[in-house]
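Observations on chain architecture
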Amino acid sequence: ENETSSQVENTSVAFQNILHEMRTPLTLIMSPLEDEYQKEKNKNLSIALKNSRRLYHLTNQLLDIHRASSINYYIKLYPVNIVNFIVRCSELFAPTALKRNVPFLLTINGSKIDLSQPLKNVLVILADKDSLEKIIFNYLSNALKFCNGKTIELAIVEESEKIKISVKDQGDGIKKGDQSEIFNIYRQVSEEDKGKGFGIGLSLVKRLTEKMNGEYG
């Protein structure tokens, strides 16, 4: 069993090394494409740049998930004011939602938050900011893909001694029997979903949440 675990770990490390090697040429491809696109707003250049960015994002996600799956991967947890953190995430996401004409709102314990006003609320959790940001933006990205143009809500709720962070949308939803399946890597619940992603993001959410001793769903 130990030998098998070691083989799996070695395979994962080898795969991570390959992904690292892929990122360098991708960066070298993207940089001149961006320069040329700024000079000439060409449709073909736009398509090439968009897809090179998509491939770069995919490479990073695969790298993240293989790191998070390693038995030797540990996340150090620090106190984080989750209110300030979620507000910052909302400020980053709101322009994207606006560009897509998708209504977006942030709520804390059921109350809508005005992002233009400073907040004095303090809710502290133990977490890693980088991992937490990846989790939240994976959920928000999924909501944006499947909300059918309807409202997306990022919510914080105090539940007993726990803090629940959720992303809600008004899309078609997922069948109850498929809800646990979507957190498995490369798992997509319908043929239509396959054109909208790779089935990696929620698997990364699962692994990062587990590493931070949290719950997902």
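The coordinates are above.
Residues numbered from 1 in each chain as written. Predicted model: local features only at pLDDT ≥ 70, side-chain atom pairs only at ≥ 80, totals over all residues. Heavy atoms only, no water.

Let's shift gears to the packing of aromatic side chains. Applying the stated criterion across every chain, the model contains one aromatic pair. Between phenylalanine 93 and phenylalanine 104, the ring centres sit 5.0 Å apart and the planes meet at 70°, which makes this aromatic pair edge-to-face. Highlighted residues: phenylalanine 93 in helix H3 (residues 82-99) and phenylalanine 104 in strand S2 (residues 104-108), separated in sequence by eleven residues. (Phe/Tyr/Trp six-rings, centres within 6.5 Å; stacked < 30°, edge-to-face > 60°. Helix = DSSP H or I, 4+ residues; strand = E, 2+ residues; numbered from the N terminus.)

So, about the packing of H3 against helix H4 (residues 129-146). Packing of H3 against H4 brings their axes to within 11 Å, and their N-to-C directions diverge by 35°. The hand of the H3/H4 crossing is right-handed. Across from Ile82, Phe85, Ile86, Arg88, Cys89, Leu92, Phe93, Thr96 and Ala97 in H3, the residues of H4 making contact are Lys129, Leu132, Glu133, Ile136, Phe137, Leu140 and Leu144. Of the residues assigned to the contact of H3 with H4, the class counts are twelve nonpolar, one polar and three charged. (Axes fitted to C-alpha atoms, helices over the stretch in contact; angles between N-to-C directions. Left-handed = near helix turned anticlockwise from the far one by under 90°. Contact = heavy atoms within 4.5 Å. Nonpolar A, V, L, I, M, F, W, Y, C, P; charged D, E, K, R; others polar.)

Turning our attention to the pairing of strand S5 (residues 152-159). When a strand is regular, its side chains alternate between the sheet's two faces. Pairing of S2 with S5 involves five bridges; the strand directions are parallel. The residue of S5 that forms the bridge with phenylalanine 104 is isoleucine 152. In terms of strand pairing, S5 meets strand S6 (residues 162-169) through eight bridges, oriented antiparallel. Considered in S6, the bridge of glutamate 153 is made with lysine 168. Taking the residues between adjacent antiparallel strands as the criterion, S5 and S6 are bridged by two residues, where serine 160 takes a positive phi near 55°. (Pairing = 2+ DSSP bridges.)

This part is about the sheet that holds S2. Sheet architecture is open: four strands sit in the order S3-S2-S5-S6, paired in mixed fashion. Either end of the sheet is taken by a strand with one partner, and the two such strands are strand S3 (111-112) and S6. In terms of strand pairing, S2 meets S3 through two bridges, oriented antiparallel. In the strand pairing of S3, isoleucine 108 is matched with serine 111. Against the sheet, H3 engages S2, S5 and S6, with an angle of about 170° to S2. Here H4 sits on the sheet in contact with S2, S5 and S6, set at roughly 25° to S6.

Next up on the list: H4. Here H4 spans 26 Å end to end across 18 residues, near enough to the 26 Å set by a 1.5 Å rise per residue. Buried within H4 we find Ser131, Leu132, Ile135, Ile136, Asn138, Tyr139, Leu140, Ala143 and Leu144. Looking one or two places after H4, you find asparagine 148, whose phi comes out positive at around 55°. (Expected span 1.5 Å × (residues − 1). Buried < 20%, exposed > 50% of the residue type's maximum accessible area, 1.4 Å probe, protein only.)

This part is about the nonpolar core. Grouped together as the largest cluster of nonpolar side chains are 36 residues, with contacts concentrated most on Leu132, Ile136 and Ile152. Counting only elements with at least two residues in this core, the list comes to helix H2 (43-69), H3, S2, strand S4 (124-127), H4, S5 and helix H5 (201-211). Take this core: its biggest share by element is eight residues, from H3. (Core = buried A, V, L, I, M, F, W, Y, C linked by side-chain atoms within 4.5 Å.)

It is worth spelling out the pattern of salt bridges at this point. The final tally for this structure, using the stated rule, is five salt bridges. A salt bridge links arginine 53 to glutamate 34; the nearest nitrogen and oxygen atoms lie 3.5 Å apart. One end of the pair, arginine 53, is in helix H2; the other, glutamate 34, is in helix H1 (residues 2-39), with 19 residues separating them in the sequence. Here glutamate 34 falls in the partly exposed class, since its relative accessible area comes to 30%. (Salt bridge = Lys/Arg side-chain N within 4 Å of Asp/Glu carboxyl O.)

A contiguous nonpolar surface patch, about 250 Å² in accessible area, is contributed by Ile18, Met22 and Leu55. Residue placement: leucine 55 occurs in helix H2. (Patch = residues over 30% accessible without salt bridge, like charges linked within 9 Å, V, L, I, M, F, W, Y side chains within 5 Å. Areas by Shrake-Rupley, 256 points an atom, 1.4 Å probe, with all protein chains shown as cover.)

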